[in-house]
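Letter by letter, the chains look like this.
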Amino acid sequence: MDCIFCKIVNGDIPSKKVYEDEHVLAFHDINPVAPVHVLMIPKKHIQSVMAIEPEDKELIGYLHLALQKVAEIMEVKDEGFRVVTNIGQHGQQTVFHLHYHLIGGRQLEWKF
């Protein structure tokens with residue numbers, strides 16, 4: 001598989017890890033848009049939210065609980081943060097492995 005995030009999971013490409021366990025991996029985004037910008041991915045390759053299957057529901061719930069841990073590690077849980085996922089071409093998804101951006105560390109703007 002030629003997925004950059006799968007290569008990060010496998011250790012073929014280095015990353016600056018924030019959190020890792022047997023199901024998920026969180027690492028710093030290489031192009032941060034805020035002081036805190038972490039990517040959270042399931043270790044299982046899932047292309048996007050639109051490719052989640054019913055058997056993935058426990059993993060997706062687990063990933064959301066792990067986002068809480070990452071917010072605490074990154075010290076943004078009290079002040080707040082944003083969680084975003086991009087889906088498909090119009091959603092500006094550039095890596096086709098499900099991932100969530102945890103963004104914070106400053107007052108975020110609301111722009112679309």
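The shown structure was predicted, so the numbers you read here are calculated from the model rather than taken from an experiment. (Residues numbered from 1 in each chain as written. Predicted model: local features only at pLDDT ≥ 70, side-chain atom pairs only at ≥ 80, totals over all residues. Heavy atoms only, no water.)

**A closer look at the pattern of salt bridges**
Side chains bearing opposite charge may pair, as long as their charged atoms lie close to each other.
And then number 1: Tallied over the entire structure, the rule returns 5 salt bridges.
And then number 2: Linking Lys7 and Asp2 is a salt bridge whose minimum nitrogen-to-oxygen distance equals 2.9 Å.
And then number 3: Judged by its relative accessible area of 27%, Lys7 falls in the partly exposed class.
And then number 4: Among the residues examined, Asp2 registers a relative accessible area of 70% and is labelled exposed. (Salt bridge = Lys/Arg side-chain N within 4 Å of Asp/Glu carboxyl O. Buried < 20%, exposed > 50% of the residue type's maximum accessible area, 1.4 Å probe, protein only.)

**Let's talk about the packing of aromatic side chains**
And then number 1: This structure, assessed with the given rule, holds 1 aromatic pair.
And then number 2: Plain terms: the ring middles of Phe5 and Phe27 are 5.5 Å apart, the flat faces sit at 75° to each other, and that makes the pair edge-to-face. Pair noted here: Phe5 is in helix H1 (residues 4–10) and Phe27 is in strand E2 (residues 24–28), with a separation of 22 residues, a long-range link.
And then number 3: You can call Phe27 buried: its relative accessible area is 4%. (Phe/Tyr/Trp six-rings, centres within 6.5 Å; stacked < 30°, edge-to-face > 60°. Helix = DSSP H or I, 4+ residues; strand = E, 2+ residues; numbered from the N terminus.)

**Quick word on unusual backbone geometry**
And then number 1: Positive phi values are uncommon outside glycine, yet Glu75 reaches one of about 60°.
And then number 2: Relative to the elements of secondary structure, Glu75 occurs in the loop between helix H2 (57–73) and strand E4 (81–84).

**A word on the state of the cysteines**
And then number 1: Per the counting criterion, the structure on display carries 0 disulfides.
And then number 2: Summary of cysteine pairing: Cys3 is not part of a disulfide, and the nearest cysteine sulfur, belonging to Cys6, is at 3.7 Å.
And then number 3: Classification of Cys3 as buried rests on a relative accessible area of 7%. (Disulfide = S-S within 2.5 Å.)

**Overview of the pairing of strand E3 (residues 36–42)**
And then number 1: The element E3 is extensively covered by neighbouring structure, given that 7 of its 7 residues are classed as buried.
And then number 2: Burial along E3 is two-sided: Val36, Val38, Met40 and Pro42 facing one way and His37, Leu39 and Ile41 facing the other are all buried.
And then number 3: Pairing analysis gives 5 bridges linking E2 to E3, with the strands arranged antiparallel. The residue of E3 that forms the bridge with Phe27 is Leu39.
And then number 4: Two strands pair when backbone bridges link them, and E3 and strand E5 (residues 100–104) are joined in this way by 5 bridges, in the antiparallel orientation. Bridge pairing links Leu39 to His101 in E5. (Pairing = 2+ DSSP bridges.)

Structural measurements only, silent on function.
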